[in-house]
Amino acid sequence: MPARHAGLMPHANARSPYMSADILIVGGGMAGLTLGCALGQAGVSVALVEPTPPERLVAPEYDGRTTAIAAGSRAILETIGVWPELAAEAQPILDIRVSDGRSPLFLHYDHREVGDQPLGHIVENRFIRGALFETLEALSGVSFLAGRRVERLDREAPVVRAFLNDGCVIETRLAVATDGRNSPTREAAGIRSTAWTYAQTGMVC
């Protein structure tokens, strides 16, 4: 997918000291971008703040990982018009074999046992982001604020106020944290999480 998919939207670089939107999305990863596309297509005004420039997010050296997209996730991407941009880069999951250590036992899943559609697809993260950027570019109601960071959220007022690192203030009805599993926004809100380790290593090939 061409790097042009990282093209900055005309409304993405506006350096305004004040903005308002129905919903603020903190974090422009795949979850935040997908939500922004869905809300924007529903006519909801959105301000999406992401510290990393889009051209870096789609660069091959930034993230060499892939994502397994299940059938349900593909349906979401189809609904918001993103899947056609990904189809050529998506590899179908036709069989899954699960084994454990040296055990001779294993589980085998064959897509033909449930229908003629793949169990899912494997897609490089950079292509997913690129397709989401392309969709966002056509949504006038979504302001993608690249290269900026939310430093503080004021949740005491009737509206949420987000204070960005460049002095911009965004007023919104709802703030959504999609800034990663170690979300600073979640921690600042005092929302606790539970985590544990299995002391195991998984290999996916």
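Look above for the structure.
Keep in mind it's a predicted model, so treat the numbers as computed, not measured. By convention here, each chain's residues receive numbers from 1 onward along its written sequence. Under the rules for a predicted model, residues below a pLDDT of 70 receive no local features and side-chain atom pairs below 80 are neither given nor counted, while totals for whole chains, interfaces and linings still include all residues. Computation of side-chain values: all heavy atoms of the structure, hydrogens and water removed.

Draft legend 1. Quick peek at the overall build of the chain. Scanning the chain from terminus to terminus reveals six helices and eleven strands. Each principal axis of the C-alpha atoms in the chain carries an extent, and together these give about 60 × 35 × 30 Å. Exposure categories follow from relative accessible area, calculated using a 1.4 Å probe and restricted to protein chains: below 20% of the type maximum is buried, above 50% is exposed, and the middle band is partly exposed. Relative to its 205 residues, the chain shows a buried fraction of 37%. Working rule for contacts: check all heavy atoms of both residues, and any pair within 4.5 Å makes them a contact. Within the chain, contacts between residues at least 6 apart in sequence are counted, and of these 68% link residues at least 24 apart. Positive: Lys, Arg. Negative: Asp, Glu. His and the chain ends are not part of the count. Where a charge lies is defined by one atom per residue type, namely NZ (Lys), CZ (Arg), CG (Asp) and CD (Glu). Between the centroid of the 19 positive side chains of the chain and the centroid of its 23 negative side chains there is a distance of 5 Å. The helix and strand labels rest on DSSP assignments: H or I over at least four residues marks a helix, E over at least two residues marks a strand, and numbering proceeds from the N terminus.

Draft legend 2. The arrangement of the environment of Arg186 in detail. Here Arg186 is to be found in helix H6 (residues 184-188). For Arg186 and Val176, which are ten residues apart along the polypeptide, the C-alpha to C-alpha distance reads 9.4 Å. Arg186 has contacts with Arg181, Ile191, Arg192 and Ser193, leaving out every residue within four places of it along the chain. Polar contacts involving the side chain of Arg186 include one to the side chain of Ser193, which spans 3.5 Å. Under the rule applied, a polar contact is a pair of N or O atoms within 3.5 Å (in protein, one hydrogen donor and one hydrogen acceptor; residues adjacent in sequence only if both atoms are side-chain atoms).

Draft legend 3. Highlighting the environment of Ala68. Mapped onto the elements of the fold, Ala68 is located in strand S3 (residues 66-70). For Ala68, a relative accessible area of 55% gives the class exposed. For the pair Ala68 and Ala90, spaced 22 residues apart in the sequence, the C-alpha separation amounts to 9.6 Å. Beyond its immediate sequence surroundings of up to four residues, Ala68 is in contact with Ile93, His121 and Ile122.

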